Amino acid sequence: MANQYDYDVLYIGSGHGTFDGAIPLASTGKKVGVIETDLIGGTCPNRGCNAKITLDAPVQLARLTERLDGIVSGGISINWEQNEQHMHEVIDELPTMIAGLMKSVNIDIIKGYGVLADNHTVMVDGAPKTADKIVISTGQHPHRLEVPGNDLVHDSEEFMNLKRLPRQIVIIGAGYISLEFATIANAAGAQVTVMTHGDRVLRKFYQPYVDQVVADLKSRGVQFIYDAKVTEVEKAADNFVVHYNDDQQVTASWVLDATGRNPNVDGLGLNRLGIKYNRNGISVNDHLQTSVDNIYASGDVIDKDQPKLTPTAIFESTYLMHQFAGDSDAPINYPAIPSVVFTSPRIAKVGVTPEAAKNSDNFDIQTNHLPDDWYRKVTKEKIGDNTLIYNQQHQLVGATEISDQAENAINTLLPAIEFKFSADQLARLITLFPSIAADALGQLS
């Protein structure tokens with residue numbers, strides 16, 4: 001580091017796009033600073049993955065006891081207040097824990113809002129902080145509908161912090177957040193209506209499997225309103241009225257806007273430095289450099305084809321750590337990145353999709369109806385299918401599954417896809433038995 005700079009590397013934002021790489025980087029002796037205006041750790045630990053999966057855990061238990069009714073006696077109901085309180089028991093200590101890890105390797109945590117002043121300077125609430133290299137890792141924020149009354153609707157963080165579950169909830173949107181929260185709220189006793197702008201939900205997932213999730217939610221009382229263009233939200237006594245299309249409306253006691261997420265690019269000084277960005281995020285090259293070569297970006301703020309997920313941000317942050325530590329100067333080489341929607345059942349996928357495989361002669365497609373398998377009969381799974389995609393060398397290159405264990409099954413298959421295991425190599429894998437890993441690998445032919 002040249003003596004004129006305060007830091008070797010200065011990060012704007014403290015989420016997974018930062019701390020997973022910043023901590024090992026600082027342990028090499030590099031001087032590292034992290035600027036954060038909000039909770040340490042960013043979205044995932046504080047208002048995303050960790051919170052969501054905690055709220056979802058009782059749903060999985062309720063579904064299991066439902067299937068085992070008669071074997072297990074006594075119905076299960078979800079106490080929303082206790083569930084929400086438990087969520088905070090899980091997540092509230094995470095910012096302090098993450099900050100402690102950073103401080104243990106002498107990372108300076110700088111509280112405030114960072115704005116780029118020049119290639120090597122970030123102004124934090126008026127105070128300059130300089131660095132040889134700067135990483136923008138500011139993540140995303142919830143999109144807000146631009147309609148009259150949008151101040152009356154709520155975002156995902158507000159849903160997860162509800163002290164009391166509203167009786168009637170309208171969810172506007174058709175992606176991950178919409179379907180996951182519809183599942184949780186419905187299981188906890190709310191009347192849920194999902195409004196979608198188009199005629200499909202979860203467009204990035206295999207639609208025959210999505211249809212099964214939707215059918216199950218409908219059987220549990222969740223209503224779906226398709227092709228709904230929301231025009232206004234208004235207060236009506238103790239309720240809220242969502243107006244859509246020409247003259248239609250739906251009434252609820254609480255409204256969630258789950259119409260997507262936008263990158264946090266405003267107010268960073270990007271235009272001042274000529275850093276290229278668009279509505280999808282900041283443009284980077286194959287070394288995660290922005291159009292200013294000593295300024296990088298990491299995590300969900302990047303405009304990229306890869307899924308904007310926590311594991312992707314971790315991979316990018318770790319990649320930059322090796323670059324800055326001098327271990328490598330290679331371009332980033334993304335591995336196979338799985339994704340999952342935590343409905344009940346789950347849908348998970350990785351690699352070549354069934355849609356792509358069906359449109360090509362280069363793949364062999366194998367399907368399995370999972371409730372037929374003895375291991376799935378143990379917990380009486382009723383909904384479950386997978387699609388396995390092989391290349392011409394009969395190596396597994398893609399997998400998509402709907403089941404209560406879909407995320408674990410796809411995680412099990414991931415190494416076979418990433419490393420192109422041969423049949424002989426797969427035969428060397430002796431799994432614990434019985435287990436979901438044994439079940440998933442046992443289906444490979």
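These numbers were taken from a predicted model, which means no experiment stands behind them. (Residues numbered from 1 in each chain as written. Predicted model: local features only at pLDDT ≥ 70, side-chain atom pairs only at ≥ 80, totals over all residues. Heavy atoms only, no water.)

A. Structural detail: the packing of helix α1 (residues 16–27) against helix α10 (residues 310–325). One way to put it is that α1 packs onto α10 with a least axis distance of 7 Å and a crossing angle of 35 degrees. Crossing of α1 over α10 shows right-handed handedness. Between α1, through His16, Gly17, Thr18, Phe19, Asp20, Gly21, Ala22, Pro24 and Leu25, and α10, the contact on the second element is made entirely by Thr310, Ala313, Ile314, Ser317, Thr318, Met321, Phe324 and Ala325. Partitioned by chemical class, the residues of the contact of α1 with α10 number nine nonpolar, seven polar and one charged. (Axes fitted to C-alpha atoms, helices over the stretch in contact; angles between N-to-C directions. Helix = DSSP H or I, 4+ residues; strand = E, 2+ residues; numbered from the N terminus. Left-handed = near helix turned anticlockwise from the far one by under 90°. Contact = heavy atoms within 4.5 Å. Nonpolar A, V, L, I, M, F, W, Y, C, P; charged D, E, K, R; others polar.)

B. Structural context of a nonpolar patch on the surface. The grouping of Trp374, Val378 and Phe433 at the surface amounts to a nonpolar patch, some 370 Å² of accessible area in total. Looking at where valine 378 falls in the secondary structure, it is placed in the loop between α12 (374–377) and β22 (385–390). (Patch = residues over 30% accessible without salt bridge, like charges linked within 9 Å, V, L, I, M, F, W, Y side chains within 5 Å. Areas by Shrake-Rupley, 256 points an atom, 1.4 Å probe, with all protein chains shown as cover. Salt bridge = Lys/Arg side-chain N within 4 Å of Asp/Glu carboxyl O.)

C. Here's a closer look at the environment of lysine 103. Within the element layout of this structure, lysine 103 appears in helix α5 (residues 94–104). Separated by 222 residues in sequence, lysine 103 and alanine 325 place their C-alpha atoms 19 Å apart.

D. How the structure looks around the state of the cysteines. The full count for this structure, using the stated rule, is one disulfide. Between the sulfur of cysteine 44 and that of cysteine 49 lies a disulfide, 2.3 Å long from S to S. One quick way to see it: the torsion about the S-S bond of cysteine 44 and cysteine 49 is about -135 degrees, and its sign makes the bridge left-handed. (Disulfide = S-S within 2.5 Å.)

E. Structural view of empty space enclosed by the protein. Taken as a whole and judged by the stated rule, the model has one cavity of 30 Å³ or more. Here the largest cavity defines a volume of roughly 40 Å³. In terms of lining, the largest cavity is formed by Pro142, Ser156, Ile177, Asp257, Ala258, Gly260 and Arg261. Considered class by class, the residues forming the lining of the largest cavity number three nonpolar, two polar and two charged. (1 Å grid on protein atoms, 1.4 Å probe; cavity = no way out; pocket = protein on both sides within 12 Å on 5 of 7 lines; lining within 4 Å. Points joined across faces, edges and corners; volume = space filled by probe spheres on them.)

F. Representation of unusual backbone geometry. The peptide bond linking serine 344 to proline 345 adopts the cis configuration, its omega dihedral lying at 5 degrees. With respect to the element layout, proline 345 can be found in the loop between β19 (339–341) and β20 (346–351). Here the residue pair phenylalanine 433 and proline 434 is connected by a cis peptide bond, since its omega of -5 degrees sits within 30 degrees of zero. As for its placement among the helices and strands, proline 434 is situated in the loop between α14 (423–427) and α15 (436–442). Backbone geometry places aspartate 227, a non-glycine residue, at a positive phi of 50 degrees. Tracing the backbone shows aspartate 227 in the loop between β10 (223–225) and β11 (230–236). Unusually for a residue other than glycine, lysine 380 sits at a positive phi of about 55 degrees. You can see lysine 380 is positioned in the loop between α12 and β22.

G. Looking closely at the packing of aromatic side chains. Counted under the stated rule, the structure contains 11 aromatic pairs. With a centroid separation of 6.0 Å and an interplanar angle of 15 degrees, the aromatic rings of phenylalanine 224 and tyrosine 226 are classed as stacked. Between phenylalanine 419 and phenylalanine 421 the ring centres are 6.3 Å apart and the planes differ by 20 degrees, which places this aromatic pair in the stacked class. Note on phenylalanine 419: relative accessible area 58%, which makes it exposed. One cation-aromatic arrangement involves lysine 235 over phenylalanine 240; the distance from NZ or CZ to the ring centre is 5.1 Å. (Phe/Tyr/Trp six-rings, centres within 6.5 Å; stacked < 30°, edge-to-face > 60°. Buried < 20%, exposed > 50% of the residue type's maximum accessible area, 1.4 Å probe, protein only. Lys NZ or Arg CZ within 6 Å of the ring centre and 35° of its normal.)

H. View of the side chain of glutamine 289. Turning to its location among the elements, glutamine 289 is positioned in the loop between β17 (281–282) and β18 (295–297). Setting aside residues up to four positions removed in sequence, glutamine 289 forms contacts with Ser283, Val284, Ile295 and Tyr296.

I. Quick look at the pairing of strand β1 (residues 7–12). The buried fraction of β1 is high, at six of six residues. Two strands pair when backbone bridges link them, and β1 and strand β6 (residues 127–136) are joined in this way by five bridges, in the parallel orientation. Paired with valine 9 across the bridge in β6 is lysine 133. Summarising the sheet, β1 and strand β2 (residues 32–36) pair through four bridges and their orientation is parallel. Directly across from leucine 10, in β2, lies its bridge partner glycine 33. (Pairing = 2+ DSSP bridges.)

J. Main features of the pattern of salt bridges. Counted under the stated rule, the structure contains 17 salt bridges. A salt bridge links lysine 31 to aspartate 108, with the shortest nitrogen-to-oxygen separation between them at 3.3 Å. Residue lysine 31 is found in the loop between α1 and β2, and its partner aspartate 108 is found in strand β3 (residues 108–111); the two are separated by 77 residues along the sequence. Linking lysine 133 and aspartate 132 is a salt bridge whose minimum nitrogen-to-oxygen distance equals 3.3 Å. Relative accessible area serves as the criterion here: at 25%, aspartate 132 is assigned to the partly exposed category.

K. Broad picture of helix α7 (residues 176–187). When the terminal C-alpha atoms of α7 are compared, their 17 Å separation across 12 residues agrees well with the 16 Å that a helix rising 1.5 Å per residue should span. Here α7 lies mainly inside the structure; nine of its 12 residues are buried. Those residues of α7 lying buried are Ser178, Leu179, Glu180, Phe181, Ala182, Thr183, Ile184, Ala185 and Asn186. Positive phi appears at glycine 189, one or two residues downstream of α7, with a value of about 110 degrees. (Expected span 1.5 Å × (residues − 1).)

L. Main features of helix α3 (residues 49–67). Taking 1.5 Å as the rise per residue, α3 with 19 residues should run 27 Å; its terminal C-alpha atoms sit 26 Å apart, in good agreement. Ala51, Lys52, Thr54, Leu55, Asp56, Val59, Gln60, Ala62, Arg63, Thr65 and Arg67 are the residues of α3 that are buried. Elements that come into contact with the buried residues of α3 comprise α4 (80–91), α6 (156–160), α7 and β20.

M. Local environment of the sheet that holds strand β9 (residues 191–195). Across the sheet, which stays open at both edges, the four strands sit in the order β10-β9-β8-β14 with parallel pairing between neighbours. Of all the strands in the sheet, just β10 and β14 (254–257) have a single pairing partner and so form its edges. Between one strand axis and the next, the sheet turns by 20 degrees as a mean value, whatever way the strands run. Looking at chain direction, strand β8 (residues 168–172) and β14 are connected through four bridges and run parallel. Bridging across to β14, isoleucine 172 finds its partner in aspartate 257.

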